[in-house]
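Each chain, letter by letter, is given below.
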Amino acid sequence: MGGCFSDVRGGKQAIGGGQERPFEANSNPNNGVAGQNDAVQFFHRARGLHPLFTQLELSFSASNLIDRDITSKSDPMVVVFAKKRDSKVEELGRTEVILNSLNPVWINKVTIAYQFEMVQQLVFYVFDVDTKFHNTPVQMLNLKDQDFLGEANCVLSEIVTKRSRSLTLNLQGKNARRGMRNLGTLTVHAEETVASRSAVEIVFRCSNLTNTDLFSKSDPFLRISRVVESGGYVPICKTEAIDNNLNPIWKPLCLSMQQFGSKDDPLIIECFDFNANGNHVLIGKIQKSVADLEKLYVEKIGANFFFPSSHRGPDKVLKGQLYVDRFLEKEQFSFVDYISSGFELNFMVAVDFTASNGDPRNRDSLHYIDPSGRLNSYQQAIMEVGEVIHFYDSDKRFPAWGFGGRLMNGGVSHCFNLNGSATSFEVEGVEGIMAAYASSLHNVSLAGPTLFGQVINNAAQIAGDSLTHHNNKYYVLLIITDGVLTDIQETKDALVRASDLPFSILIVGVGAADFTQMEILDADNGLRLESSTGRVATRDIVQFVPMREVQSGQKSVAEALLEELPAQFLTYMRSRDIKPRTFSSAPPQIS
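For clarity, every value in this text was computed on a predicted model and none was experimentally measured.

Spatial ordering of the open sheet is given by E20-E19-E23, a layout of 3 strands whose pairing is antiparallel. A strand with exactly one partner marks an edge of an open sheet, and here the two such strands are strand E20 (412-413) and strand E23 (445-446). In terms of strand pairing, strand E19 (residues 405-406) meets E23 through 2 bridges, oriented antiparallel. Bridged to Arg 406 within E23 is Ser 445.

If you want it as C-alpha cells, here you go:
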C-alpha cells in the first residue's frame with residue numbers, strides 16, 4: 001500500500017481525482033500525486049516536495065534590429081537568462097541563428113518553469129552571430145565572440161497576464177543604456193506546454209461488496225492505477241473512504257488525460273477496506289479502460305470484481321459490482337489559462353495594531369520603523385507578497401485596513417482604514433500600503449484584543465458584491481498578526497461563509513507567539529473548518545505561515561504563502577464551471 005496515500009493524516013480523503021490541478025507537480029508525472037486537493041497538499045508538505053509549477057515555452061520574434069554586417073544583414077540569435085535573488089543570472093536557453101534578417105521569427109523555443117509565488121526576472125540578449133561560427137552548435141557559441149544587438153528585461157508575470165500572452169519590449173544598449181539609436185523591439189510569447197486539457201468526471205458506485213470486518217461493515221475506497229510498460233502499475237488517484245457501507249457511492253473524480261493516457265489504456269481499479277493503521281484489506285479488483293468505463297455508464301450495467309488467486313488457479317469472481325453513475329468529458333483549464341484571459345487577483349491587506357506588538361518607538365517593537373531602511377516583519381510581508389500579486393491586479397488600488405488599534409477619537413476599532421480616511425479604504429500600489437502603514441503608526445495607538453472577524457467579513461463583502469458585476473475577479477486578503485485570536489469561533493464562522501466566495505486569506509504570524517490556532521484555520525490536515533452551526537467550509541481558503549519559520553529556511557514569505565493560491569483559485573472557478581474568457585464551451589473530444 002506504499003502507493004496509496006491513505007496512511008497520512010486525513011487519509012480517508014480522496015487523492016488525485018479532484019478538480020484542483022493548477023500545475024504539474026515538480027516530480028515524475030507517474031508518481032500518483034498529480035492531482036491536487038486538501039489532502040494532496042498535506043501529502044506534498046509532509047514529504048518536503050517542491051512547489052507546483054507549470055512549464056511554459058517562450059517563443060521570440062524581433063523587428064527593426066540594427067545591422068552589424070557590412071555586406072549582408074545581421075544573423076541574430078536570442079539568449080535568455082533568469083536573474084536570481086542575488087542578482088546573478090542563469091542561462092535558460094538559446095534560439096537558433098537566423099541568417100540575414102533584421103525582422104526574425106525564431107522557431108526554437110526556451111522552456112521555463114512558471115511559479116506563481118515568485119517574481120521571476122528575465123533578461124533577453126540578442127546577438128549577431130559571426131559568419132565563421134555558423135557551423136557551430138548554438139549552445140557551444142561563446143557569447144563574447146558575437147556582436148551585441150540589444151537587451152531587454154521583464155518579469156514572467158508580465159507576459160502571462162497579457163491576453164495574447166505576448167509582450168513587446170524595446171531593445172536597449174548594454175546595462176540598459178539605450179542612447180539615441182533605435183535598437184528595435186523583441187516580442188516574447190508564452191505558451192503552456194500541456195498535452196491536452198481533456199479530462200473526464202466519473203462517479204463510481206458499488207453494490208454487494210464483500211464484508212471484511214468482523215463487528216461492522218467495511219469502509220471501502222477505490223484506488224485507480226495506470227498500467228505501465230513494464231507490466232506494473234502506478235497509482236494515479238483514490239476516492240474517499242466511506243464508513244460502514246457495502247453499497248457505497250463516492251464523490252466525483254476528475255481524471256486528466258495526463259493521468260490516464262488514452263481512453264484505451266488499461267486501468268487497475270482496486271477496492272479496499274480502509275484501516276487506520278495503513279493495512280488496508282483488498283476487497284476486490286477489476287481492469288478497465290476509460291472507454292470501458294464509459295460503456296458501463298452508457299449501458300447502465302455493472303462489472304464484477306475479482307479476487308486474485310493465491311495460487312496459479314483462476315481468479316475468483318465476486319458478487320460485488322462496480323457501476324459508473326456519471327461519465328462526463330470536459331475541459332480542465334489551468335491557472336495560466338484564466339490569468340491570460342483577463343482574470344485578476346485583487347490584493348487586500350490587514351495589519352495588527354494590538355499592544356502585544358510593543359511600542360513602535362522602541363527598537364524591539366515589531367512595528368519599529370528602522371531609519372536605516374531595514375524592513376520590519378510587517379513591511380517585509382507587505383512588500384514580498386505585494387510584489388508578486390500586483391502584476392495580477394489591473395488598477396493597482398488595494399484596500400488596506402488595521403485592526404486592534406485605538407483611534408484618535410479614543411475608541412478601539414477592529415477594522416479601520418489604514419490611510420486614515422473616513423470614506424476610502426483603498427491606496428495606490430504597494431508603495432501606498434507601505435506609506436499608509438508607516439503614517440498610521442503616528443496616528444493610531446496600539447490596543448487590542450486580536451479579532452479577525454470584522455476584517456474578514458468586510459473583505460468577504462467586497463468579494464461578494466463583485467459577483468453582481470463580473471466573475472473574473474478573485475480576492476486575496478493578507479492578514480499580518482502577532483497574537484493569539486480572541487474570536488476563534490467567530491473567525492471560523494466568517495471563514496466558512498467566505499468559502500463560497502472568490503476569496504482566499506493569507507495569514508503571516510510575526511513574533512514569538514503561539515500560533516496553534518492559526519494552524520487550525522489553515523486546515524492543512526485535510527479537515528475542513530466547521531462553523532458554530534455545523535456547516536462545513538466548501539473549500540480551504542486559508543494559508544498560514546509563521547515568519548520565524550520562513551526566515552530560518554530558504555523560501556521567501558511570498559513563496560510560502562502563495563504556493564497554494566492557484567489551487568484555491570481553480571477550486572473556486574471549476575466548482576462553479578467558470579471558464580476562461582477565450583475558450584468555447586464545446587465539450588472536448590478525448591481519443
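The structure having been displayed, the exposition proceeds.
What follows covers the confidence of the model for the chain. Residue-level pLDDT values for the chain average 85, and 87% of them are 70 or greater. Here residues 19-52 is a poorly scored stretch, pLDDT under 50, and it has 98 contacts once near neighbours within four places are set aside; other chains count.

Of all hydrophobic cores here, the largest spans 85 residues; its most connected members are Phe 60, Leu 186, Leu 345 and Leu 562. When residues no more than four places from it in sequence are discounted, the contact partners of Phe 60 are Val 78, Val 80, Thr 95, Val 105, Trp 106, Val 110, Phe 124, Leu 186, Thr 187 and Val 188. Counting 32 residues, the second-largest nonpolar core is a separate cluster that includes Ala 350, Ala 459, Tyr 475 and Phe 544.

Let's shift gears to the environment of Arg 94. In this structure, Arg 94 sits in strand E3 (residues 89-94). Classification of Arg 94 as buried rests on a relative accessible area of 10%. Each C-alpha atom of the pair Arg 94 and Phe 124 lies 9.8 Å from the other, and the pair is 30 residues apart in sequence. Once residues lying within four places of it in the same chain are set aside, the contact partners of Arg 94 are Met 77, Val 78, Val 79, Asn 108, Val 110, Val 138, Gln 139, Leu 141 and Leu 143. At 2.6 Å, the side chain of Arg 94 and the side chain of Glu 91 are in polar contact.

Once that is clear, we can look at the packing of aromatic side chains. Per the counting criterion, the structure on display carries 22 aromatic pairs. With 5.5 Å between their ring centres and 85° between their planes, Phe 81 and Tyr 125 make a pair best called edge-to-face. Highlighted residues: Phe 81 in strand E2 (residues 76-83) and Tyr 125 in strand E5 (residues 121-128), separated in sequence by 44 residues. Both rings, one in Tyr 474 and one in Tyr 572, keep their centres 6.2 Å apart while their planes meet at 65°; by these two values the pair is edge-to-face. Here Tyr 474 is found in strand E24 (residues 473-481), whereas its partner Tyr 572 is found in helix H13 (residues 565-575), with 98 residues between them in sequence. By the burial criterion, Tyr 474 is buried, and Tyr 572 matches it. An aromatic cluster is present here, built from Phe 116, Phe 333, Phe 335, Tyr 338, Phe 343, Tyr 392, Tyr 474, Phe 569 and Tyr 572 joined pairwise through their rings. Its end group placed over the ring of Phe 221, Lys 238 keeps NZ or CZ at 5.2 Å from the ring centre. Above the ring of Tyr 297, the side-chain terminus of Lys 300 is found at 4.1 Å from the ring centroid.

Cut-off values and rules
- Residues numbered from 1 in each chain as written.
- Predicted model: local features only at pLDDT ≥ 70, side-chain atom pairs only at ≥ 80, totals over all residues.
- Heavy atoms only, no water.
- Pairing = 2+ DSSP bridges.
- Helix = DSSP H or I, 4+ residues; strand = E, 2+ residues; numbered from the N terminus.
- pLDDT = per-residue confidence, 0-100.
- Contact = heavy atoms within 4.5 Å.
- Core = buried A, V, L, I, M, F, W, Y, C linked by side-chain atoms within 4.5 Å.
- Buried < 20%, exposed > 50% of the residue type's maximum accessible area, 1.4 Å probe, protein only.
- Polar contact = N/O pair within 3.5 Å; in protein donor to acceptor, adjacent residues only side chain to side chain.
- Phe/Tyr/Trp six-rings, centres within 6.5 Å; stacked < 30°, edge-to-face > 60°.
- Lys NZ or Arg CZ within 6 Å of the ring centre and 35° of its normal.

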